[in-house]
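Chain and residue survey
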Amino acid sequence: MQSQSTVDISKRKLLSSLAHGSIFFSGLVVSIGVPIAILAISDDPVVKENAKEAINFHFNVWLYGLILVPLSFITFGLAGGIWWLVHWGLTIWAIIHCLNVSEQPFRYPFIFRPL
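Residues numbered from 1 in each chain as written. Predicted model: local features only at pLDDT ≥ 70, side-chain atom pairs only at ≥ 80, totals over all residues. Heavy atoms only, no water.

Within the protein chain one finds four helices and zero strands. When its helices and strands are written in sequence order, the protein chain yields α-α-α-α. Out of the 115 residues in the protein chain, the part that is buried amounts to 40%. When contacts within the protein chain are restricted to residue pairs at least 6 apart in sequence, long-range pairs at least 24 apart make up 66% of them. For the protein chain, the accessible surface area stands at approximately 6800 Å², while carbon and sulfur atoms represent 74% of it. Charged side chains in the protein chain number 7 positive and 6 negative. The centres of these two groups are separated by 3 Å. (Helix = DSSP H or I, 4+ residues; strand = E, 2+ residues; numbered from the N terminus. Buried < 20%, exposed > 50% of the residue type's maximum accessible area, 1.4 Å probe, protein only. Contact = heavy atoms within 4.5 Å. Areas by Shrake-Rupley, 256 points an atom, 1.4 Å probe, with all protein chains shown as cover. Lys, Arg positive; Asp, Glu negative; His and termini not counted. Charge placed at Lys NZ, Arg CZ, Asp CG, Glu CD.)

Encoded structure:
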């Protein structure tokens, strides 16, 4: 495990934010490749935890999307619109957390964590 003094804080902030921010491109299935690549190349335990959490969040966004997109036809787009706002809001919260509290990984509330 690395000591706090040997960790590059700006690199940690960048990689953690990038892992969470990749969800903005979730319409592209390849967006999950960003946190997977970060998980594979990073030695920083906080960055690795943020990458795992981002991967789990991708899975949740896709799962809820599969459920809510059909409901959007019944609710005239309301169900999908609310989920879109929630998942973007949670992502923005995660990025802000990573930039301000770099020593602690972000944990999304109310998601399934298969990884």
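So much for the structure itself; the text now carries on.
All right, on to the side chain of Glu-53 then. When you line up the elements, Glu-53 lands in helix α3 (residues 45-74). The class for Glu-53 is buried, based on a relative accessible area of 2%. Of the polar contacts made by the side chain of Glu-53, one reaches the backbone nitrogen of Tyr-108; its length is 2.7 Å. Setting aside its immediate chain neighbours within four residues, Glu-53 contacts His-20, Phe-106, Arg-107, Tyr-108, Ile-111 and Arg-113. (Polar contact = N/O pair within 3.5 Å; in protein donor to acceptor, adjacent residues only side chain to side chain.)

Time to look at the side chain of Ser-17. By the secondary structure assignment, Ser-17 is in helix α1 (residues 9-21). From its side chain, Ser-17 meets the backbone oxygen of Lys-13 in a polar contact 2.8 Å long. Leaving out residues up to four positions away in the same chain, Ser-17 has contacts with Ile-95, Cys-98 and Leu-99.

Counting 11 residues, the largest nonpolar core consists of Ile-23, Phe-57, Val-61, Leu-68, Ala-79, Trp-83, Leu-90, Ala-94, Phe-106, Tyr-108 and Ile-111. Within the residue set of this core, elements represented by two or more residues are α3 and α4 (78-100). Per-element tally for this core: the top contributor is α4, with four residues. Among all residues touching Leu-68, those that are not within four sequence positions of it are Ala-79, Gly-80 and Trp-83. One finds Ile-38, Leu-39, Val-47 and Ile-55 within the second-largest nonpolar core, a separate group that totals nine residues. (Core = buried A, V, L, I, M, F, W, Y, C linked by side-chain atoms within 4.5 Å.)

Tallying each qualifying case throughout the model produces seven aromatic pairs. Where Trp-93 meets Phe-106, the ring centres are 5.1 Å apart and the plane angle is 75°; that geometry is what we call edge-to-face. Here the residue Trp-93 occupies a position in helix α4, and Phe-106 occupies one in the segment after α4, the gap between them amounting to 13 residues. Judged by its relative accessible area of 45%, Trp-93 is partly exposed. (Phe/Tyr/Trp six-rings, centres within 6.5 Å; stacked < 30°, edge-to-face > 60°.)

Okay, a nonpolar patch on the surface next. There is a patch of nonpolar side chains on the surface, built from Leu-63, Leu-66, Ile-67, Leu-71, Ile-74 and Phe-112 and spanning about 620 Å² of accessible area. Mapped onto the elements, Ile-74 comes out in helix α3. Assessed through its relative accessible area of 63%, Ile-74 is described here as exposed. (Patch = residues over 30% accessible without salt bridge, like charges linked within 9 Å, V, L, I, M, F, W, Y side chains within 5 Å. Salt bridge = Lys/Arg side-chain N within 4 Å of Asp/Glu carboxyl O.)

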